[in-house]
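# Per-entry structural report
Chain by chain, the residues:
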Amino acid sequence: LAKTTQPISMDSYEGQEVNITCSHNNIATNDYITWYQQFPSQGPRFIIQGYKTKVTNEVASLFIPADRKSSTLSLPRVSLSDTAVYYCLVEYGNKLVFGAGTILRVKS
Amino acid sequence: GAVVSQHPSWVICKSGTSVKIECRSLDFQATTMFWYRQFPKQSLMLMATSNEGSKATYEQGVEKDKFLINHASLTLSTLTVTSAHPEDSSFYICSARTPLAQETQYFGPGTRLLVL
């Protein structure tokens, strides 16, 4: 059964690095991992996408170990405005499976 | 680039009426669009996958006769909630894929539906 699992919530302080891990045990060779950010009453916003090893863009990094059974979204130096829900999405073949979302609360 | 819009952003209707929600890809042609539903404090639930020019593929448990999807052009997909009832009240979100990045979905801003 394809499943995407992530922690329910995380707390952090401004300026810290935040790492959110997603488990996807049944990921196949050609499946991508995508992370989204969602604010209340808004559509999800694309953060980063990866297939293997490490991907970095201007807002985040995505680390994927060799077995690809998990992945970690890394947000450097978070600010209060990064308080949101973060979703991990894996497409298992043709089946799209979102994680339940991780509520990130950034405190001052 | 890769902007997706939805209209309306919110709608209130009486029980028994039908509501149409539009999803448009503004700066690209989307061969595939997706429709999701999200209840408060829950994750996105995929309802159906919409391919231009063909019938939508519905997820298990989603009534195709109640949630009518039409993908008539490469930039427009519509979701019609027929005979809406209070339990259909939810946040409906569409997404689209760009031809150049088939692995990535870009989401619209969502439509809040409240059925009285």
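Our structure is the block above this text.
Just so it is clear, the structure is predicted and the values come from calculations on it, not from any experiment.

## A short note on the overall build of chain A
Across its full length, chain A holds zero helices and ten strands. Seen in sequence order, chain A has helices and strands lined up from the N terminus as β-β-β-β-β-β-β-β-β-β. For a compact globule of 108 residues, the expected C-alpha radius of gyration is about 13 Å, and chain A comes in at 13 Å, within 12% of that figure. Seen along its three principal axes, the alpha-carbon backbone of chain A occupies a region of about 40 × 30 × 20 Å. Relative to its 108 residues, chain A shows a buried fraction of 44%. Carbon together with sulfur atoms contributes 51% to the accessible area of chain A, which is approximately 5,500 Å² in total. If you average the places of the 10 positive and of the 8 negative side-chain charges in chain A, the two averages end up 5 Å apart.

## Here we look at the sheet that holds strand 5 (residues 53-56) of chain A
Residue and element names in this part refer to chain A. Within the open sheet, the four strands sit side by side as 2-7-6-5. Their pairing is antiparallel. On the outer flanks of this sheet lie strand 2 (18-23) and strand 5, each paired with one strand and no other. Looking at each pair of strands side by side, their axes are set apart by 15° on average, direction ignored. Relative to strand 7 (residues 70-75), strand 6 (residues 61-64) runs antiparallel, the two being bridged by three bridges. Bridging across to strand 7, S61 finds its partner in S74.

## Quick notes on the pattern of salt bridges
A side chain with one charge can pair with a side chain of the opposite charge if their charged atoms come near. Overall, the coordinates contain six salt bridges over all chains when judged by the stated rule. A:E91 is paired through a salt bridge with B:R97; the nearest N and O atoms lie 2.2 Å apart. Taken as a pair, A:E91 in strand 8 (residues 84-92) and B:R97 in strand 9 (residues 90-98) lie in two separate chains rather than in one. Between B:R24 and B:E22 there is a salt bridge whose closest N-O contact spans 3.4 Å. On the basis of relative accessible area, B:R24 is assigned to the partly exposed category, the value being 34%. Its relative accessible area of 24% is what places B:E22 among the partly exposed residues.

## Considerations on the packing of aromatic side chains
The full count for this structure, using the stated rule, is ten aromatic pairs over all chains. Taking 5.6 Å as the distance between ring centres and 85° as the angle between the ring planes, the aromatic pair formed by A:F98 and B:Y36 counts as edge-to-face. One end of the pair, A:F98, is in strand 9 (residues 95-98); the other, B:Y36, is in strand 4 (residues 32-38), on a second chain. Judged by relative accessible area, which is 11%, A:F98 ranks as buried. Ring centres 5.5 Å apart and planes at 45° place the aromatic pair B:Y36 and B:F107 in the tilted group. Of this pair, B:Y36 sits in strand 4 while B:F107 sits in strand 10 (residues 101-107), placing them 71 residues apart in sequence. Judged by relative accessible area, which is 10%, B:F107 ranks as buried. Here the aromatic residues A:Y36, A:F46, A:Y87, A:F98, B:Y36, B:Y106 and B:F107 are joined through ring pairs into a cluster of three or more. One residue, A:R68, lies across the ring of A:Y51, its end atom 4.6 Å from the ring centre.

## Regarding the nonpolar core
Within the largest apolar cluster, 24 residues are counted, with the highest numbers of intra-cluster contacts made by B:W35, B:F67, B:L79, B:Y92 and B:L113. For this core, the elements supplying multiple residues, two or more each, are strand 2 (10-13), strand 3 (19-25), strand 4, strand 5 (45-51), strand 7 (67-73), strand 8 (76-81), strand 9 and strand 11 (111-115) of chain B.

## Details of the sheet that holds strand 3 of chain B
In sheet architecture, strand pairing relies on hydrogen bonds along the backbone and comes in two forms, parallel and antiparallel. All names here are of chain B. Ordered in space as 1-3-8-7, the four strands form an open sheet in which the pairing is antiparallel. Bordering the open sheet on either side are strand 1 (4-7) and strand 7, each of which pairs with just one other strand. Sheet twist, expressed as the mean angle between neighbouring strand axes with direction ignored, is 15°. As paired strands, strand 7 and strand 8 are joined by five bridges and run antiparallel to one another. Counted as the bridge partner of S73 is L76 from strand 8.

Rules and cut-offs
- Residues numbered from 1 in each chain as written.
- Chains lettered and ligands numbered in written order.
- Predicted model: local features only at pLDDT ≥ 70, side-chain atom pairs only at ≥ 80, totals over all residues.
- Heavy atoms only, no water.
- Helix = DSSP H or I, 4+ residues; strand = E, 2+ residues; numbered from the N terminus.
- Rg over C-alpha atoms; globule rule 2.2 N^0.38 Å.
- Buried < 20%, exposed > 50% of the residue type's maximum accessible area, 1.4 Å probe, protein only.
- Areas by Shrake-Rupley, 256 points an atom, 1.4 Å probe, with all protein chains shown as cover.
- Lys, Arg positive; Asp, Glu negative; His and termini not counted.
- Charge placed at Lys NZ, Arg CZ, Asp CG, Glu CD.
- Pairing = 2+ DSSP bridges.
- Axes fitted to C-alpha atoms, helices over the stretch in contact; angles between N-to-C directions.
- Salt bridge = Lys/Arg side-chain N within 4 Å of Asp/Glu carboxyl O.
- Phe/Tyr/Trp six-rings, centres within 6.5 Å; stacked < 30°, edge-to-face > 60°.
- Lys NZ or Arg CZ within 6 Å of the ring centre and 35° of its normal.
- Core = buried A, V, L, I, M, F, W, Y, C linked by side-chain atoms within 4.5 Å.

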